[in-house]
Amino acid sequence: MKGGRGRGLAGWAAGIPVVLVALPTAARGRLPDPLATHWGGPDGAPDGAMSFGGSMAFPAAIWAVLVLGVAVFAAARAWAATALLPAGVALAGAQAVIVRANLDREDWRQAELPTAWVAVAVCAAAVLAGMLIDRRAPGRARGGGGPADRGPVMDVPAGERLVWLARTSNPWLHLIAAVLGAAAAAGAVLGVGGLVAGPAWLVAALAPGLAALAVLACSSVRARVTGEGLEVAFGPLGWPVRRWPAAAVESARVEDRRPVQVGGWGYRLSGLGTTVMLRAGECLVVRAGGRDFAVSVDDAARGAALLNSLARCGGGGGGVERP
């Protein structure tokens, strides 16, 4: 694992034990010792307990084994994020539920599990964490015909279908999304753990959470040109998506743009039209309906050439797709 993803996973691996220890420590004066950690008795009564130290050490040990397994076995690195992200959410959520159940109880046998919605929220958060993982390999441009300097139009051999694909991401926007996501997670954990009462914890979790999703959606982009036209997908889930049919494209070109020209980073509206600015430099600029849409991706000249060729013939085309 290299680059931003490797650093992100390292931070995640180090941060989860902090949450597992910090949450019960913050509520130490309001918790019994031992703590109820398992429920299965009559009427959902607790039937298992751990010492205060054990309640922190046990989940931390589970996390350490999981991280060690991912780090040791080379084959596991490909699905490191798949394993670590939802597992960390689940462990942190379970710890919050345990703290909330034991909060202000004199004896662990008095602990009561929170209402069902808390468990549902924890499970949903773990599932969502798994869905947000971007399993796709970094995009690469591909296409047929000659090199990019052949001009704005590409010769498409009869009976063949060419595809161009490029992808760009901005590590700083990823970092901002991560910080906002961490703030949202902290608010959610404190609320589930009962350390923040009332609607304040919902605000503390939802506001940065929504902001994190918005920034994350603008932190990476994938542009693809096929016989159908141009498709630009945003964020790690590839959603939302904007599409331009080949027949609707008036022209495609390459322009060099800078953040200062379009008003900053991310999804920007300016006198130049709409620009998805993730890095300064060449952009694929598409004109459709009298308006320009630009996206900062590599190998934009090849994408523009292929898109112009498809636009001239009205899109479509048969044959075998050739990378």
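Residues numbered from 1 in each chain as written. Predicted model: local features only at pLDDT ≥ 70, side-chain atom pairs only at ≥ 80, totals over all residues. Heavy atoms only, no water.

**Q** With reference to specific residues and values, describe the nonpolar core.
**A** With 32 residues, the main nonpolar core has Trp 164, Val 221, Leu 230, Val 232, Leu 284 and Val 297 as its most contacted residues. In terms of residues, this core owes the most to one element, helix α8 (residues 300-312), which gives 6 residues. Once residues lying within four places of it in the same chain are set aside, the contact partners of Val 232 are Val 221, Arg 222, Ala 223, Pro 240, Val 241, Arg 242, Trp 244 and Phe 293. (Core = buried A, V, L, I, M, F, W, Y, C linked by side-chain atoms within 4.5 Å. Buried < 20%, exposed > 50% of the residue type's maximum accessible area, 1.4 Å probe, protein only. Helix = DSSP H or I, 4+ residues; strand = E, 2+ residues; numbered from the N terminus. Contact = heavy atoms within 4.5 Å.)

**Q** Go over the sheet that holds strand β9 (residues 266-270) with me, naming the residues and quoting the values.
**A** Taken together, the 5 strands give an open sheet; going across it, the order is β8-β11-β12-β10-β9, and neighbouring strands pair in mixed fashion. Looking at strand neighbours, the two that pair on one side only are β8 (249-257) and β9, the edges of this open sheet. Averaged over all pairs of adjacent strands, the angle between their axes in this sheet comes to 20°, without regard to strand direction. Pairing of β9 with strand β10 (residues 273-277), which is carried by 5 bridges, proceeds in the antiparallel orientation. Pairing of Arg 268 across the sheet is with Thr 275, part of β10. α8 rests against β8 and β11 (281-288) of the sheet, and its axis sits at about 170° to β8. (Pairing = 2+ DSSP bridges. Axes fitted to C-alpha atoms, helices over the stretch in contact; angles between N-to-C directions.)

**Q** Any details on the packing of aromatic side chains? Residues and values, ideally.
**A** Enumeration over the complete set of coordinates arrives at 2 aromatic pairs. Judged by centre distance (4.6 Å) and plane angle (45°), the rings of Trp 244 and Phe 293 are tilted. Placement of the pair is Trp 244 in strand β7 (residues 241-245) and Phe 293 in strand β12 (residues 291-295), with a sequence separation of 49 residues. Both residues of the pair, Trp 244 and Phe 293, belong to the buried class. The positively charged end of Arg 28 is found above the aromatic ring belonging to Phe 52, 4.1 Å away from the centroid. (Phe/Tyr/Trp six-rings, centres within 6.5 Å; stacked < 30°, edge-to-face > 60°. Lys NZ or Arg CZ within 6 Å of the ring centre and 35° of its normal.)

**Q** Break down the sheet that holds β7 for me, citing the residues and quoting the values.
**A** An order of β4-β5-β6-β7 is seen for the 4 strands of this open sheet, with the pairing classed as antiparallel. Edge positions in the open sheet fall to β4 (164-169) and β7, since each of these has one partner strand only. Looking at each pair of strands side by side, their axes are set apart by 10° on average, direction ignored. The sheet contact formed by strand β5 (residues 220-226) and strand β6 (residues 229-234) spans 6 bridges and is antiparallel. Residue Arg 222 lies in a different strand from β6, and its bridge partner there is Ala 233. Of the strands in this sheet, β4, β5 and β6 touch α8, which is tilted by about 40° from β5.

**Q** So what's going on with the packing of helix α5 (residues 171-192) against helix α6 (residues 200-217)? Residues and values would help.
**A** Running from amino to carboxyl end, α5 crosses α6 at an angle of 160°, the nearest separation of the two axes being 7 Å. Judged by the inter-axis angle, α5 sits roughly antiparallel to α6. Both α5 and α6 take part in a crossing whose hand is left-handed. Where α5 abuts α6, its residues Leu 173, His 174, Ile 176, Ala 177, Leu 180, Gly 181, Ala 183, Ala 184, Gly 187, Ala 188, Gly 191 and Val 192 lie against Trp 201, Ala 204, Ala 205, Pro 208, Gly 209, Ala 211, Ala 212, Val 215 and Leu 216. Split by residue class, the contact of α5 with α6 holds 16 nonpolar, 5 polar and no charged. (Parallel < 35°, antiparallel > 145°, perpendicular 65-115°, else oblique. Left-handed = near helix turned anticlockwise from the far one by under 90°. Nonpolar A, V, L, I, M, F, W, Y, C, P; charged D, E, K, R; others polar.)

**Q** Explain the pattern of salt bridges residue by residue, including any values.
**A** What the rule picks out here adds up to 14 salt bridges. Here Arg 287 makes a salt bridge to Glu 250, at a shortest N to O gap of 3.9 Å. One end of the pair, Arg 287, is in strand β11; the other, Glu 250, is in strand β8, and 37 residues separate them in sequence. Among the residues examined, Glu 250 registers a relative accessible area of 48% and is labelled partly exposed. Across the pair Arg 287 and Asp 292 runs a salt bridge, and its minimum N-O distance is 2.9 Å. The exposure class of Asp 292 is buried, given its relative accessible area of 14%. One network of salt bridges, in which partners are shared, links Glu 250, Arg 253, Glu 255, Arg 257, Arg 287 and Asp 292. (Salt bridge = Lys/Arg side-chain N within 4 Å of Asp/Glu carboxyl O.)

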